[in-house]
Amino acid sequence: MKKIIALLFLLFSLNIAAQEKSNIDKVLTQWHQAAADANFDKYFSLMTKDGVFIGTDATENWQNDDFREFSKPYFDRGQAWNFTTLERNIYNEENSKTAWFDELLFTQMGICRGSGVLQKTKDGWKITHYVLSVTVPNENVEEVTQLKKEFDQNLINQID
């Protein structure tokens, strides 16, 4: 009898975990769609109030209010950005209010990588931290490194 109860509990737990991943996937999909639809309010409703967006430029570490201000003109013109998910992996621990993910995206910059963290709030899952990175094929890293060498050095000098 104990084995049957343990098995039922395990199946129930797996179902909850799968449902949570599905809910997280929906939030991320809605978030990207809101940007494509230029729905500013929907986009930012899917982030926590203290959410962070790390952009592709080394200087882009946007706290929520600053990111809203920066992105508002893009939304106002009718389409912010359009990211299509090619692949997404979602991770969370059982009964956790934190989840993390990585995704491969097709964007106007070519293939990019997104990764981040979500928190489960009273209003559901919200993005609290997002990092967008331009992918660089290994065989092109040296080329890209040379292209950004001056920018990187100038930024290092500013930070020091």
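> I'd like to hear about the confidence of the model for the protein, residue by residue, with values.
On average, residues of the protein carry a pLDDT of 92, and 90% of them reach 70 or more. The low-confidence segment residues 10-15, where pLDDT is below 50, has one contact with residues more than four positions distant or belonging to other chains.

> I'd like a description of the packing of aromatic side chains, backed by residues and values.
In this structure the tally under the stated criterion is 21 aromatic pairs. Their ring planes at 10 degrees and their centres at 4.3 Å tell us that Phe53 and Phe67 sit as a pair that is stacked. A residue pair is termed long-range when its members are at least 10 positions apart, and Phe53 in strand β1 (residues 47-54) and Phe67 in helix α3 (residues 64-76) qualify at 14 residues. Given a relative accessible area of 7%, Phe53 falls into the buried group. Here Lys72 stacks its cationic end above the ring of Phe40, 5.0 Å away from the centre of that ring.

> Which residues make up the nonpolar core, and what are the values?
Core analysis: the biggest nonpolar cluster contains 29 residues, and Tyr43 and Phe75 have the highest contact counts within it. Elements with a contribution of two residues or more to this core: α1 (2-36), α2 (40-45), β1, α3, β4 (98-107), β5 (110-121) and β6 (124-134). Element by element, the count of residues in this core is highest for α1, at six residues. Contact partners of Tyr43, with chain neighbours within four places excluded, come to Trp31, Ala34, Ala35, Phe53, Phe67, Phe75 and Trp81.

> Describe the pairing of β5, listing the residues and the values that go with them.
In the sheet, β4 pairs with β5 via 10 bridges, with the strands oriented antiparallel. Directly across from Thr107, in β5, lies its bridge partner Gly110. The loop that links β4 with its antiparallel partner β5 comprises two residues. Pairing of β5 with β6, which is carried by 10 bridges, proceeds in the antiparallel orientation.

> Tell me about the pattern of salt bridges, residues and numbers included.
Taken as a whole, this structure holds seven salt bridges when the rule is applied. Among the salt bridges present, the one from Asp25 reaches Arg88, with a minimum N-O distance of 2.7 Å. Highlighted residues: Asp25 in helix α1 and Arg88 in strand β3 (residues 84-92), separated in sequence by 63 residues. A relative accessible area of 31% means that Asp25 is categorised as partly exposed. The class of Arg88 is buried, set by a relative accessible area of 16%. A salt bridge links Arg88 to Glu103; the shortest N-O distance between them is 2.8 Å. Separated by 15 residues along the polypeptide, Arg88 in strand β3 and Glu103 in strand β4 bring together distant segments of the chain. The same class applies to Arg88 as to Glu103, namely buried. A cluster of three or more residues bridged by salt bridges with shared partners is formed by Asp25, Arg88 and Glu103.

> Could you give an account of helix α4 (residues 141-159), naming the residues involved and the relevant values?
In this model, α4 (19 residues) spans only 24 Å end to end at C-alpha, well below the 27 Å of a helix rising 1.5 Å per residue. Along α4, the sharpest change in direction is near 55 degrees and occurs at Lys148.

> Any chance you could break down the sheet that holds strand β2 (residues 61-63) for me, citing the residues and the numbers?
Taking strand neighbours across the sheet as the criterion, the six strands line up as β2-β1-β6-β5-β4-β3 in an open arrangement whose pairing is mixed. At either margin of the open sheet sits one strand with a lone partner, and together these are β2 and β3. If you compare each strand with its neighbour and ignore which way they point, the axes differ by 15 degrees on average. Both β1 and β6 contribute to a ladder of four bridges, which runs parallel. The residue of β6 that forms the bridge with Met47 is Ile127.

Parameters and conventions
Residues numbered from 1 in each chain as written. Predicted model: local features only at pLDDT ≥ 70, side-chain atom pairs only at ≥ 80, totals over all residues. Heavy atoms only, no water. pLDDT = per-residue confidence, 0-100. Contact = heavy atoms within 4.5 Å. Phe/Tyr/Trp six-rings, centres within 6.5 Å; stacked < 30°, edge-to-face > 60°. Helix = DSSP H or I, 4+ residues; strand = E, 2+ residues; numbered from the N terminus. Buried < 20%, exposed > 50% of the residue type's maximum accessible area, 1.4 Å probe, protein only. Lys NZ or Arg CZ within 6 Å of the ring centre and 35° of its normal. Core = buried A, V, L, I, M, F, W, Y, C linked by side-chain atoms within 4.5 Å. Pairing = 2+ DSSP bridges. Salt bridge = Lys/Arg side-chain N within 4 Å of Asp/Glu carboxyl O. Expected span 1.5 Å × (residues − 1). Bend = angle between axes of the 7 residues up to and from the residue. Axes fitted to C-alpha atoms, helices over the stretch in contact; angles between N-to-C directions.

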